[in-house]
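# An overview of the molecular structure
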Amino acid sequence: MSSRNVALTSTFLLLAAGGAAACDNGNEYQDEGFYCADENGVIVDEDYCDDDYNGGGGGGGFFIWHSSGYRSGYPVGSRLPAGGQKFAYNDKSSRSKFGLPSSGRIGNGTVKTSVVGKGGSGSSGKSSRSGG
């Protein structure tokens, strides 16, 4: 094997190893989409996940569902795509892990950017991003 082939092969292996390490990083930043939904992942009005709401919301059986695969724009009544996780709408600790307000309403389709892994904090805001 010539020295040029060895150099190219070595370079390729280093690049491949670096790419694999970057994909394997558990602290990678990601966007996370949030929705108020029932236990089956069917989206409901976000008032049902608002423990500060006095008009009938804030009941049992409603959850905040989240996933890096959720985008904004899913309508009330539709089922969220598979692969999401949920926590009780009034779970202050879980809300805090994602940088959400500890109580109150979270708009359906809210996307948190720069969430670290599955439980870091990020900056809040509504996004019109689509993606998957």
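What follows concerns the nonpolar core. In terms of nonpolar packing, the biggest core is built from eleven residues, these being Phe34, Cys36, Val44, Cys49, Phe62, Ile64, Phe87, Tyr89, Phe98, Leu100 and Ile106. Within the residue set of this core, elements represented by two or more residues are β1 (29-38) and β2 (62-67). Residue contacts for phenylalanine 34: discarding those within four places in its chain leaves Ile64, Trp65, His66, Phe98, Leu100, Ile106, Gly107, Asn108, Gly109, Thr110 and Lys112. Counting residues in each nonpolar core, the second largest holds eight residues, with Ala37, Phe63, Trp65 and Tyr70 among its members.

This part takes up empty space enclosed by the protein. Picture a little ball the size of a water molecule; that probe, rolled over the atoms, points out where space is still empty. Applying the stated rule across the entire model yields one cavity of 30 Å³ or more. If you add up the space inside the largest cavity, you get close to 40 Å³. For the largest cavity, the full set of lining residues is Phe34, Tyr35, Cys36, Cys49, Ile64, Ile106, Gly107 and Asn108. In terms of residue count, β1 provides more of the lining of the largest cavity than any other element does, three residues in total.

Moving on, we get to the pairing of β1. Within β1, eight of the ten residues are buried, which leaves it mostly tucked inside the rest of the structure. In this structure, β1 lies alongside β2, joined through six bridges in antiparallel fashion. Paired with cysteine 36 across the two strands is isoleucine 64, which belongs to β2.

Right, let's talk about the packing of aromatic side chains for a bit. Here the structure, examined in full by the defined rule, presents six aromatic pairs. On the basis of an interplanar angle of 70 degrees and a centroid distance of 5.5 Å, the ring pair of phenylalanine 34 and phenylalanine 98 is categorised as edge-to-face. Taken together, the positions of phenylalanine 34 in strand β1 and phenylalanine 98 in the loop between α2 (92-97) and β4 (110-116) put the pair 64 residues apart, joining distant regions of the chain. The burial state of phenylalanine 34 is the same as that of phenylalanine 98; both residues are buried. Both rings, one in phenylalanine 87 and one in phenylalanine 98, keep their centres 6.1 Å apart while their planes meet at 5 degrees; by these two values the pair is stacked. One end of the pair, phenylalanine 87, is in strand β3 (residues 85-88); the other, phenylalanine 98, is in the loop between α2 and β4, with eleven residues separating them in the sequence.

The full count for this structure, using the stated rule, is two salt bridges. With a shortest N-O distance of 3.8 Å, arginine 105 and aspartate 47 are connected by a salt bridge. Pair noted here: arginine 105 is in the loop between α2 and β4 and aspartate 47 is in the loop between β1 and β2, with a separation of 58 residues, a long-range link. According to the relative accessible area criterion, arginine 105 is partly exposed, its value standing at 46%. When salt bridges that share partners are traced, they join Glu46, Asp47 and Arg105 into one network.

Conventions used here
- Residues numbered from 1 in each chain as written.
- Predicted model: local features only at pLDDT ≥ 70, side-chain atom pairs only at ≥ 80, totals over all residues.
- Heavy atoms only, no water.
- Core = buried A, V, L, I, M, F, W, Y, C linked by side-chain atoms within 4.5 Å.
- Buried < 20%, exposed > 50% of the residue type's maximum accessible area, 1.4 Å probe, protein only.
- Helix = DSSP H or I, 4+ residues; strand = E, 2+ residues; numbered from the N terminus.
- Contact = heavy atoms within 4.5 Å.
- 1 Å grid on protein atoms, 1.4 Å probe; cavity = no way out; pocket = protein on both sides within 12 Å on 5 of 7 lines; lining within 4 Å.
- Points joined across faces, edges and corners; volume = space filled by probe spheres on them.
- Pairing = 2+ DSSP bridges.
- Phe/Tyr/Trp six-rings, centres within 6.5 Å; stacked < 30°, edge-to-face > 60°.
- Salt bridge = Lys/Arg side-chain N within 4 Å of Asp/Glu carboxyl O.

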